[in-house]
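Commentary on secondary and tertiary structure
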Amino acid sequence: MSTPHVVVVMGVAGTGKTTIGPLLAERLGVPYAEGDDFHPQANIDKMSAGTPLDDDDRRPWLEAIGRWAHGRAGLGGVVSSSALKRSYRDLLRGEAPDAVFLHLTGSRELILDRMSHREGHFMPTSLLDSQFATLQPLERDEAGVAVDVSGSPEEIADRAAEALAGLDPSAPQS
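Values in this document were obtained by computation on a predicted structure and should not be read as measured data. (Residues numbered from 1 in each chain as written. Predicted model: local features only at pLDDT ≥ 70, side-chain atom pairs only at ≥ 80, totals over all residues. Heavy atoms only, no water.)

**A few points about the overall build of the chain**
Of regular secondary structure, the chain possesses seven helices and five strands. Along the chain, helices and strands appear, N-terminal first, in the series β-α-β-α-α-β-α-β-α-α-β-α. A burial count over the chain gives 44% of its 174 residues as buried. (Helix = DSSP H or I, 4+ residues; strand = E, 2+ residues; numbered from the N terminus. Buried < 20%, exposed > 50% of the residue type's maximum accessible area, 1.4 Å probe, protein only.)

Below, the structure is given as structure tokens:
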């Protein structure tokens, strides 16, 4: 990327945001922030109990991520956030207008398999269907790219860096 932008790595739970985000940040030479670290404890407790978050729960989380992204404006950075709805991405862009999105995509079967093998994460596989039901993919007027999550983390990060390198954040995507 010719200028340092903040990249929001988005997608449903289990797509690898926490794995791909740091790898991408390394390739871009910018810092990484783990979106889950911005959740208030009440959100973590709710998700750990298998209860999906509602928009009121997500607002302070998204605002905190947006403040981090705003603080990195002109410096670059990578942060993870599910950013499943357009309204969530609009809120993030309200805080950090130059943010671009990397949407990690994959089949429900692949993602469920990956989720069932990870350890120590508060998001149970039982919430995956609600994540897919909530997901609104990037629209044509949103700066960002979609990258499939098949393959190794290194392959995915390489594809992501390549896709982002070709992105002009000032132009809507088709």
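**Examining helix H4 (residues 86–95)**
Three- or four-residue spacings in an α-helix give side chains the same orientation, since the helix completes a turn every 3.6 residues. Residues of H4 that are buried: Arg86, Tyr88, Arg89, Leu91, Leu92 and Arg93. Tucked inside the fold, the buried residues of H4 contact strand E1 (6–10), helix H3 (55–71) and strand E4 (100–105). (Contact = heavy atoms within 4.5 Å.)

**A look at H3**
Between its terminal C-alpha atoms H3 stretches 24 Å, which fits the 24 Å expected from 17 residues at 1.5 Å a residue. Buried within H3 we find Asp57, Arg58, Trp61, Leu62, Ala64, Ile65, Gly66 and Ala69. Against E1, helix H2 (41–48), strand E3 (77–80) and H4 lie the buried residues of H3. (Expected span 1.5 Å × (residues − 1).)

**Here's the deal with the environment of lysine 46**
Mapping lysine 46 onto the fold places it in helix H2. The exposure class assigned to lysine 46 is partly exposed, which follows from its relative accessible area of 24%. In this view, lysine 46 contacts Thr51, Pro52, Leu53, Asp54 and Asp57; residues no more than four positions away in its chain are not counted. For lysine 46, the side chain forms a polar contact with the side chain of aspartate 57, separated by 2.6 Å. (Polar contact = N/O pair within 3.5 Å; in protein donor to acceptor, adjacent residues only side chain to side chain.)

**Some remarks on the environment of leucine 110**
As for its position among the elements, leucine 110 is in helix H5 (residues 108–117). When the C-alpha atoms of leucine 110 and threonine 15 are compared, they prove to be 8.7 Å apart, with 95 residues separating the residues in sequence. Ignoring sequence-local partners within four residues, the contact set of leucine 110 consists of Val149 and Ser150.

**A look at the pattern of salt bridges**
This model, assessed by the stated rule, comprises 14 salt bridges. Here aspartate 57 ties to lysine 46 by a salt bridge, and the two come within 2.6 Å at their closest N and O atoms. One end of the pair, aspartate 57, is in helix H3; the other, lysine 46, is in helix H2, with eleven residues separating them in the sequence. A salt bridge links arginine 86 to glutamate 142; the shortest N-O distance between them is 3.8 Å. Remark: glutamate 142 occurs in the loop between helix H6 (128–134) and strand E5 (144–148) and arginine 86 occurs in helix H4; sequence separation between them is 56 residues. Residue glutamate 142 is classed as buried on the basis of its relative accessible area of 1%. A network of salt bridges, in which partner residues are shared, links Arg86, Arg89, Asp90, Arg93, Glu139, Asp141 and Glu142. (Salt bridge = Lys/Arg side-chain N within 4 Å of Asp/Glu carboxyl O.)

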